[in-house]
Amino acid sequence: MERTCLAIILAAGESTRMKSAMSKVLHPVAGRPMIAHVVDALASASISDVALVVGRDADAVSAAAATDEVAVTSFLQKERLGTAHAVLAAREAIAKGYDDVLVVFGDTPLITAAPLKAARDGLAAGNDVVVIGFQAADPTGYGRLIVKDGALVAIREHRDASDEERRITYCNGGLMAIDGRKALDLLDRIGNANAKGEYYLTDLVEIARSLDGRAIAVEAPEEELTGCNTRAELAYIERLWQQRRRHELMLAGVSMIAPETVFLSWDTALAQDVLLEPNVVFGPGVRVESGAVIHAFSHLEGAHVRAGATVGPFARLRPGADIGAKSKVGNFCEVKNAEIGAGAKVNHLTYIGDAVVGAGSNIGAGTITCNYDGVNKHVTRIGANAFVGSNSSLVAPVSIGDGALVASGSVITEDVPADAVAFGRARQDVKPGRAPILRERYEAEKAARKRAKAAE
């Protein structure tokens, strides 16, 4: 029978060193709150129940940790009396009798499933306490793991360590697994007879051994246990996350000319044979299919780039951009909430928003879809194999039929039939003093919509 496991995430810290108006576990790594990365790692380790110990910004932290993959229950820690005290804030969950209890931190977003599984394996082998440690490049300041004959004898804080013990590079990562059948008894035995009067989870090792129990340590890569307390550490964690994800994608068949200049979001999906040129930035919600090329200095968010399409250089794809197979969005173009059909070209200096561009169409330089009238957004529809000349303004709502030609410099305010040629040039007409009247009308319409919405 598969062992049951409760993971306890400690996320109640005051985050004072972050110098922030919000809890540190809400700060994003790769565009996602760091607490969500921790929950994902737990889900990957086949852990389905989580006790989230919260304090500051409790509701926001609970919301950020919520996921369909894991059942998360929040517990409020009202006082800050040490790590063991924080764990016991979830006493009600621990008392349910899980086989394994795993304690992790909400500010270690680089943790992966592997060391969590290794810690659980240690419990399954009959150990009472399993500590996740790491080999430190510089162990100064870390608690040392004192291991003898394969058993973890003690965790010695740096200030209390002898000279010989300080030469040990095997250090405490803070994450710990506890035999669920003994967890409450062991935790309740932890005292606070120390300089700070706090209850330290690390005391569990010696307590378990004093009761003829066994404790061991399992090793994780140092970077996975990197915690976050300051903005500088947040930037360091972001760098490590980006390096790891770039490496994974390149091994999966994505080409990056200068990988250190590419910045990914937590959910960026890049298929095999995608090519990324230097200085490309991905916001959340981007999917790029096989054979697509993202040229230099492009920014993509909430966009779908289909097979063989090219984007950029210096292009911006905003949410809702759907770039068709083998189509092109060129330099200094912006696409928002718009479909660009297969093989279509939006070459340069062009804005396409709230629009549908048919397959094979060519949109000339400087063309814009005038989708916003100051109050509402409207849709522009361009058929297949149409041609829109440079510096044209398409005033939505408007449709241009299949195969139609629009002359350069046109202002199109009425539908253009299929295969027609449209010249939208007109003599300038100025109406003095009209702008304030129109603005007043727009504001009145906006206020009326707000009142209607509030009344729903």
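Preceding this paragraph is the structure being described.
Right, let's walk through the structure included here. Source: prediction; values computed, not measured. (Residues numbered from 1 in each chain as written. Predicted model: local features only at pLDDT ≥ 70, side-chain atom pairs only at ≥ 80, totals over all residues. Heavy atoms only, no water.)

**Some details on the environment of Arg451**
By the secondary structure assignment, Arg451 is in helix H10 (residues 434–455). In this structure Arg451 comes out as exposed when scored by relative accessible area, which is 57%. Each C-alpha atom of the pair Arg451 and Ile207 lies 64 Å from the other, and the pair is 244 residues apart in sequence. (Helix = DSSP H or I, 4+ residues; strand = E, 2+ residues; numbered from the N terminus. Buried < 20%, exposed > 50% of the residue type's maximum accessible area, 1.4 Å probe, protein only.)

**Some words on the nonpolar core**
By size, the foremost hydrophobic cluster in this structure holds 130 residues, and its most contacted members are Ile8, Leu102, Leu116, Phe282, Val305 and Leu317. Of all the elements, strand S1 (residues 5–11) adds the most residues to this core, at 7 residues. Apart from the residues lying within four places of it in its own chain, the contact partners of Val305 are Arg287, Val288, Glu289, Ala292, Ile294, Leu300, Val311, Leu317 and Ile323. (Core = buried A, V, L, I, M, F, W, Y, C linked by side-chain atoms within 4.5 Å. Contact = heavy atoms within 4.5 Å.)

**Thoughts on the state of the cysteines**
By definition, a disulfide is the covalent link that joins the sulfur atoms of two cysteine residues. Using the criterion set out here, one finds 0 disulfides in the structure. Here Cys333 is not disulfide-linked; the sulfur of Cys370 is the nearest cysteine sulfur, at 15 Å. (Disulfide = S-S within 2.5 Å.)

**Quick look at the packing of aromatic side chains**
Both the distance between ring centres and the angle between the ring planes are used here to describe each pair of aromatic rings. Tallied over the entire structure, the rule returns 3 aromatic pairs. Centre to centre, the rings of Phe134 and Tyr142 are 5.1 Å apart; their planes meet at 90°, and the pair counts as edge-to-face. A relative accessible area of 3% places Phe134 in the buried class. Looking at Tyr142, the relative accessible area reads 34%, which means it is partly exposed. Centroid distance Phe297 to Phe314: 4.9 Å. Interplanar angle 5°. Geometry classified as stacked. Note that Phe297 is positioned in the loop between strand S17 (293–294) and strand S18 (299–300) and Phe314 in the loop between strand S20 (310–311) and strand S21 (316–317), a separation of 17 residues in sequence. Using a relative accessible area of 44% as the deciding quantity, one classes Phe297 as partly exposed. Three or more aromatic residues joined by ring pairs make a cluster, and in this case those are Phe297, Phe314 and Phe332. Directly above the ring of Phe263 sits Arg246, whose terminal nitrogen or CZ lies 5.3 Å from the centroid. (Phe/Tyr/Trp six-rings, centres within 6.5 Å; stacked < 30°, edge-to-face > 60°. Lys NZ or Arg CZ within 6 Å of the ring centre and 35° of its normal.)

**Focus: the pattern of salt bridges**
Enumeration according to the criterion identifies 19 salt bridges in this entry. With its nearest N and O atoms 3.9 Å apart, the salt bridge here joins Glu289 to Arg287. Across the pair Arg306 and Asp322 runs a salt bridge, and its minimum N-O distance is 2.8 Å. Of the two residues, Arg306 sits in the loop between strand S19 (304–305) and S20 while Asp322 sits in strand S22 (residues 322–323), which places them 16 residues apart along the sequence. (Salt bridge = Lys/Arg side-chain N within 4 Å of Asp/Glu carboxyl O.)

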